[in-house]
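Fold and contact review
What follows is the residue order along each chain.
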Amino acid sequence: MSAQFLPAIDIATYTSGTQGLDAKALQYVGSVYAIARPENLDNAFAYLQQTVGVYEIYFDVTLLQSADDVVDLLNAGAAKAFVSGPQLSQLKNVDNLDLSRLILSLAGQTEEELQMITNTPIGIYLHGIKDASVVEQLLQQYGSKRPPVYVSLANANAEHALHLARISATTIIPATQLTVDPKAQPELIDASALLMANATSDRADGLFTTLVTDERGIALGLVYSSAESVSESLRTGRGVYQSRKRGLWYKGESSGDVQELVKVDFDCDSDCLRFVVRQQGRGFCHLATATCFGEYRGLSKLQQTLQKRKRSAPEGSYTARLFNDSKLLKAKILEEANELCEAESKADIAAEAADVLYFALTKCVAADVSLEDVERNLDLKAVKVKRRKGDAKPQFAEKVGLINGVTNGTPTKEEVKEAASVPKSKDDPAGKDKNGRISMRRFVTSEVSEATVQEALQRPSQRSTEKIMGIVNPIIKAVREGGDRALLDYTHKFEKATSLTTPVLKAPFPEHMMQLPQETISAIDISFENIRKFHAAQKEDKPLSVETMPGVICSRFSRAIERVGLYVPGGTAVLPSTALMLGVPAMVAGCKKIVLASPPRSDGSITPEIVYVAHKVGAESIVLAGGAQAVAAMAYGTESVTKVDKILGPGNQFVTAGKMVVSNDTSAGVSIDMPAGPSEVLVIADRTANPAFVASDLLSQAEHGVDSQVVLIAVDLSEEQLQAIEDELHAQASALPRVDIVRGSIEHSLTLVTKNIEEAMRLSNDYAPEHLILQVQDAEKVATMVENAGSVFIGPWTPESVGDYSAGVNHSLPTYGYAKQYSGVNLGSYLKHITSSNLTAEGLRNVGGAVMQLAKVEELEAHRRAVSIRLAHMEKMSA
Ligand SMILES: NC(=O)c1ccc[n+]([C@@H]2O[C@H](COP(=O)([O-])OP(=O)(O)OC[C@H]3O[C@@H](n4cnc5c(N)ncnc54)[C@H](O)[C@@H]3O)[C@@H](O)[C@H]2O)c1
Ligand SMILES: N[C@H](CO)Cc1c[nH]c[nH+]1
Ligand SMILES: [Zn+2]
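The rules behind these values
- Residues numbered from 1 in each chain as written.
- Chains lettered and ligands numbered in written order.
- Predicted model: local features only at pLDDT ≥ 70, side-chain atom pairs only at ≥ 80, totals over all residues.
- Heavy atoms only, no water.
- Pairing = 2+ DSSP bridges.
- Helix = DSSP H or I, 4+ residues; strand = E, 2+ residues; numbered from the N terminus.
- Axes fitted to C-alpha atoms, helices over the stretch in contact; angles between N-to-C directions.
- pLDDT = per-residue confidence, 0-100.
- Contact = heavy atoms within 4.5 Å.
- Near = heavy atom within 4 Å.
- Polar contact = N/O pair within 3.5 Å; in protein donor to acceptor, adjacent residues only side chain to side chain.
- Nonpolar A, V, L, I, M, F, W, Y, C, P; charged D, E, K, R; others polar.
- Salt bridge = Lys/Arg side-chain N within 4 Å of Asp/Glu carboxyl O.
- Buried < 20%, exposed > 50% of the residue type's maximum accessible area, 1.4 Å probe, protein only.
- Core = buried A, V, L, I, M, F, W, Y, C linked by side-chain atoms within 4.5 Å.
- Domains from an automatic or database assignment.

Quick look at the sheet that holds strand S12 (residues 219-225)
One open sheet holds the 4 strands; their spatial order is S12-S11-S16-S15, and the pairing between them is mixed. Taken across any chain shown, the strands that pair with only one partner, and hence form the sheet edges, are S12 and strand S15 (259-266). Each adjacent strand pair in this sheet contributes to an overall mean axis angle of 25°, direction not counted. In the sheet, strand S11 (residues 208-213) pairs with strand S16 (residues 272-279) via 5 bridges, with the strands oriented parallel. The partner of Val212 across the bridge, within S16, is Phe275.

As structure tokens, then:
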């Protein structure tokens, strides 16, 4: 706790050593008050720069016009700001501003102001107060929950100041009226008496327990103080204490191990003083160690050693070489930073971080920068109101595959390969146990609250929409305006396909581009046929027709959407199966133009499997591009890309955001299927389930991407059965080529242990998984309880992967809980339904009255007349 008074200085005129407290004494008491005026704002910043970390400045900013200036002062290190009511209202809207750094400044004399005081949880500054008793009354009103109160009295004298300090209000007193010399002129106020005004002692001898620390807060030892020793310490600027046997004790007077006083303050209830000192000589302890608890450790120890070496490093020693060879030091810092980036196990990270710190501190010591300086800098950064964005500089971002300062949603193939090639440790030559056991968090629902379960089921958070939109919007604008050229530029940039000169491959596709092994051709053909059959069966064989009243016939018939754009993801894995899932129903529906889009490989070519599928479904072209740029090209069309009416298909966050943007642009005239994001699966397993099957299903979706989530709901399983699934999961996962991705997704995956199938189904319906797997007794019966899911897989012989590839159902499904309101891709996704009405004269007579009455209610006379004119005509004809 700092002192109960603030010395006020005038930054325009203050110079250390004039009458009153000098700079050293200001430092001992810790904080000062100053007014920032529009005309001396530069002085204010300069003054802050000199004093940051030495003492705190409380700036009265009520004269400043702009809230930005206040924020800038806080960012530059001002500890607190005294603000006016209107300034407070403005500053409340500033992001990241900690309101406890503001103090509301009031004259405290009107009813309205007193009302404001009682409603303000932050500190209050009352100025120009004539009578200290007003403050006392106010403090009594508040009781113990009051905010800090700062007071400036019209005519402060020692008695008033002491009184206010005792009732825990902080008095603001001009520094020129304060002194640390008890023998100074009597009209000056003794700062040490003010400092000690609230100190309490629980000792019979009345001495104050005093903890002595260094500037980093490391305890050097325990001593005692008296009012006199504190006063003497402030006067001399040294560590002076009260020895219980020898009276005043000027530390180091006989040993030479003196202390320079840095600051004096109190603990939270003012019964323990803290002296922060700079220890000279051998150390604080009489045993000549750095502290009474032994020698320094860790960073303090390292700093001590490096400082010693700097003074007298043995020639030829490694540290001497580092001090003398700045290039060697730079190379070591870079080398160790790189090793830290690559370290993965806890032990390796600790070891590499220690090396980085060693070389960084060597650089600091060489430049006379201390750990204390570094920590002051950290503290200053911690109070900054607006932080820098934190993106990496381009030359570093590129090294780790960051584009525009953010990573791709899922690691690229190269990143995965790179991660897998991290050198294996001696203990784990296979590298399978790099980060320990692969296991999911487990919750027993009867033992935790519903809120805990819901929290655990949260999908991994996606990157902020704002950030993604900030990337996607300019891409869409560029492609819309720049057409093929812009599209190609993005493909060169993101897919590194710099040799590509045209962004579209038109049908008929050349044979050599779809050369495939026979077994792949057969697999595609079988899957194609099953998907075709299942989607063809979804066709309505004839238009729906209903006679709602005699002579009133309502019909509905469907027509295919003319031009569809199908996005086939290709970032982390090439997915020809998605080309099948999107292309086959488009063909079955009869869409006239099918355009596929997929990111090309870095040599500009497209996977032959995708070309083969495009050929089989009769696609008119393949857009050789990915991400938001491919979406924009299909939405608006370019010189060579055909504009489409609807875009379908899953993708990463850039693709999904791109689809959202174009579908919201009425001028694009394009719709989309649904928001489909990272793959997910929920498996419900009971005692009949095979642990190996369960684990394999979980892993089949976990391997899609680090942002995938998989959930196991165990129904009444014993500990052994749960253990068996967990063992299988670890063993199977460790053997997968994409184990690094699996580790990422398993980290935010979980097991919920439930009592019965009803509870399991309630949780599942609430989660609305993309895929639901039922490995339970009577799975077919349980399937009737499903309310929300993209696609359901029933019984032990139905792994989810059959749905991904070949069974016939579609795998392009709603994720992220959207299964509550969206269906997966199906034949209907490619159709529009058109209705028709066909009335006979009798029909119009039957329904006409209702139509005319409702038109009357809506006061739409032309609507009414369209019927009445006909009815009148009928009457005339029959007359
Ligand atoms: N729900 C479903 O039915 C379903 C089906 C298959 C795949 N998926 C999901 O689709 C996703 C596929 O994602 P993917 O990344 O592998 O492929 P993708 O084709 O969706 O995205 C890759 C493209 O993103 C763009 N991109 C990457 N980083 C970028 C950046 N920093 N700025 C701008 N654009 C950038 C590039 O153009 C790149 O070609 C996965 O999450 C997968 O789980 C879902
Ligand atoms: N399971 C994914 C849909 O969530 C689709 C897919 C493609 N290939 C393999 N799986
Ligand atoms: Zn899959």
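Here's the deal with the confidence of the model for the protein chain
When pLDDT is averaged along the protein chain, the result is 88, and 91% of the positions lie at 70 or above. Long-range and interchain partners of residues 403-434, a stretch whose pLDDT sits below 50, account for 53 contacts in this model, where long-range means more than four residues apart. Here the prediction assigns the complex a pTM of 0.57, and the interface score ipTM is 0.97.

A closer look at the site of ligand 1
The environment of ligand 1 is formed by 32 residues, the closest being Glu495, Tyr567, Thr572, Asn652 and His811. Tyr567 places a polar side-chain atom, nitrogen or oxygen, 2.7 Å from an oxygen atom of ligand 1. The side chain of Glu770 places a nitrogen or oxygen atom 3.0 Å from a nitrogen atom of ligand 1. Of all the secondary-structure elements, those providing two or more residues to the shell around ligand 1 are helix H18 (465-494), helix H22 (627-636) and helix H23 (653-664). Top element by residues in the shell around ligand 1 is H18. It accounts for 3 residues. Of the residues in the shell around ligand 1, the class split is 15 nonpolar, 15 polar and 2 charged.

Here we look at the sheet that holds strand S28 (residues 750-754)
Strand order in the open sheet formed by 6 strands is S17-S28-S27-S26-S29-S30, and the pairing between neighbours is parallel. Only two strands of the sheet have a single neighbouring strand rather than two, namely strand S17 (441-444) and strand S30 (791-794). Averaged over all pairs of adjacent strands, the angle between strand axes in this sheet comes to 15°, irrespective of strand direction. Sheet topology places S17 next to S28; 4 bridges connect them, and they run parallel. If you follow Arg441 over to S28, its bridge partner there is Leu750.

Points about the pattern of salt bridges
Scanning all chains against the criterion turns up 30 salt bridges. Its salt-bridge partner being Asp727, residue Arg437 comes within 2.7 Å of it at the nearest N-O pair. In this pair, Arg437 sits in the loop between helix H16 (413-420) and S17 while Asp727 sits in helix H25 (residues 719-734), placing the two residues 290 residues apart along the sequence. Across the pair Arg532 and Glu529 runs a salt bridge, and its minimum N-O distance is 2.8 Å. Within this pair, Arg532 and its partner Glu529 are both found in helix H19 (residues 518-536), separated by 3 residues, close to a single helical turn. By relative accessible area, Arg532 is classed as partly exposed at 27%. Classification of Glu529 by relative accessible area gives partly exposed; the value is 30%. Several salt bridges converge on common partners, so that one network encompasses Lys24, Glu215, Glu260, Arg278, Asp373 and Arg376.

Notes on the nonpolar core
Membership of the largest hydrophobic core comes to 81 residues, with the highest contact counts inside it found for Phe59 and Leu73. Among the elements that take part in this core, helix H3 (residues 67-75) stands out by supplying 5 residues, more than any other. Looking at which domains feed residues into this core, each of domain 1 (5-195) and domain 2 (208-279) supplies at least three. Excluding its chain neighbours within four sequence positions, the residues that come into contact with Leu73 are Ala36, Leu41, Ala44, Phe45, Leu48, Phe59, Val61, Leu64 and Ala78.

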